[in-house]
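What follows is each chain in one-letter form.
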Amino acid sequence: MKKILIALTATASVHAFADKIYLEPQYTVAIESASLESGTQNYITKTLTPIVYEDRLLPAGESVVLSCEDNKPVIRKIDQQELKIPVQIANNTKQPVNCTSANLGLFWTLDEYKVKNDGIITIDDKKFSIIPFSATIPPSLDGKIVSVTSDGNLTNVLVNKVKYFKKAQFYGTINGVSYLLQASNDDKKFTVHAANLQKLLVTDENGQVLASIDFPSYE
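Residues numbered from 1 in each chain as written. Predicted model: local features only at pLDDT ≥ 70, side-chain atom pairs only at ≥ 80, totals over all residues. Heavy atoms only, no water.

*Asks:* Could you give an account of the packing of aromatic side chains, with specific residues and numbers?
*Replies:* Counting across every chain of the model gives three aromatic pairs. Each ring, one from Phe165 and one from Phe190, has its centre 6.2 Å from the other, and the planes form 55°; the classification is tilted. Within this pair, whereas Phe165 is found in the loop between β16 (155-159) and β17 (169-174), its partner Phe190 is found in strand β20 (residues 189-192), the two being separated by 25 residues in sequence. According to the relative accessible area criterion, Phe165 is buried, its value standing at 1%. Judged by its relative accessible area of 5%, Phe190 falls in the buried class. Members of the aromatic cluster, connected to one another through ring pairs, are Phe165, Phe170 and Phe190. Taking the ring centre of Trp108 as reference, the NZ or CZ of Lys94 above it sits at 5.1 Å. (Phe/Tyr/Trp six-rings, centres within 6.5 Å; stacked < 30°, edge-to-face > 60°. Helix = DSSP H or I, 4+ residues; strand = E, 2+ residues; numbered from the N terminus. Buried < 20%, exposed > 50% of the residue type's maximum accessible area, 1.4 Å probe, protein only. Lys NZ or Arg CZ within 6 Å of the ring centre and 35° of its normal.)

*Asks:* Now, about the state of the cysteines: what can you tell me, with residues and values included?
*Replies:* For the coordinates displayed, the defined rule picks out one disulfide. A sulfur-sulfur separation of 2.0 Å characterises the disulfide bridge that pairs Cys68 with Cys99. Between Cys68 and Cys99, the S-S torsion sits near -115°, and that sign places the bridge as left-handed. One end of the pair, Cys68, is in strand β6 (residues 63-69); the other, Cys99, is in the loop between β9 (88-90) and β10 (106-108), and 31 residues separate them in sequence. (Disulfide = S-S within 2.5 Å.)

*Asks:* Give me the lowdown on the environment of His193, citing residues and values where you can.
*Replies:* Note that His193 resides in the loop between β20 and β21 (199-203). Note on His193: relative accessible area 8%, which makes it buried. In the structure, His193 is positioned ten residues away from Ala183 in sequence and 5.7 Å away in space, judged by C-alpha atoms. Among residues more than four places away in sequence, those in contact with His193 are Tyr27, Thr49, Pro50, Val52, Asn153, Leu154, Gln182 and Ser184. (Contact = heavy atoms within 4.5 Å.)

Below is the structure:
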């Protein structure tokens, strides 16, 4: 009986742990462009990229209510969770915009905030599969993308020489619009926090194009 109770307690702990995630400072999330609702100070939009924290993520597609309070943007709701998270909003290339702008593309926080959601999942490396792509800019002799895999939430990009991709920036086309995407890397593998992209453009920190690829299966 004692062993059963321990197992049940452990299971409950796992579920309690898995239903929360954190918005980290400066972590960018892409959102659908929206206009202020008539008679309110609210934008009704949705996430276009997942929110990733450690080994967990909240998939894209969550409804978001963004409010203008004293001309300052605040996330009031993600899915059904009531929140009050001050954010910076920007266009799709991360140029800050004012609170009443209809040119929304990204938001990020300046502090850490907890978000609870039943849709949070654990990232599983075994669920990534190869995604066919075609190069739209001929690869250079120095560095190129050699493989792309995805689990439907994230996109892993494998490069041949990581030194040519240091401080790389990833721009992904979602629904015909290009967004600056959050990304991280582990040696030659870069994880882009988005999936089902039509195009991926990679630049260095100065904007020089390193690689450009299309995904015919998502067009």
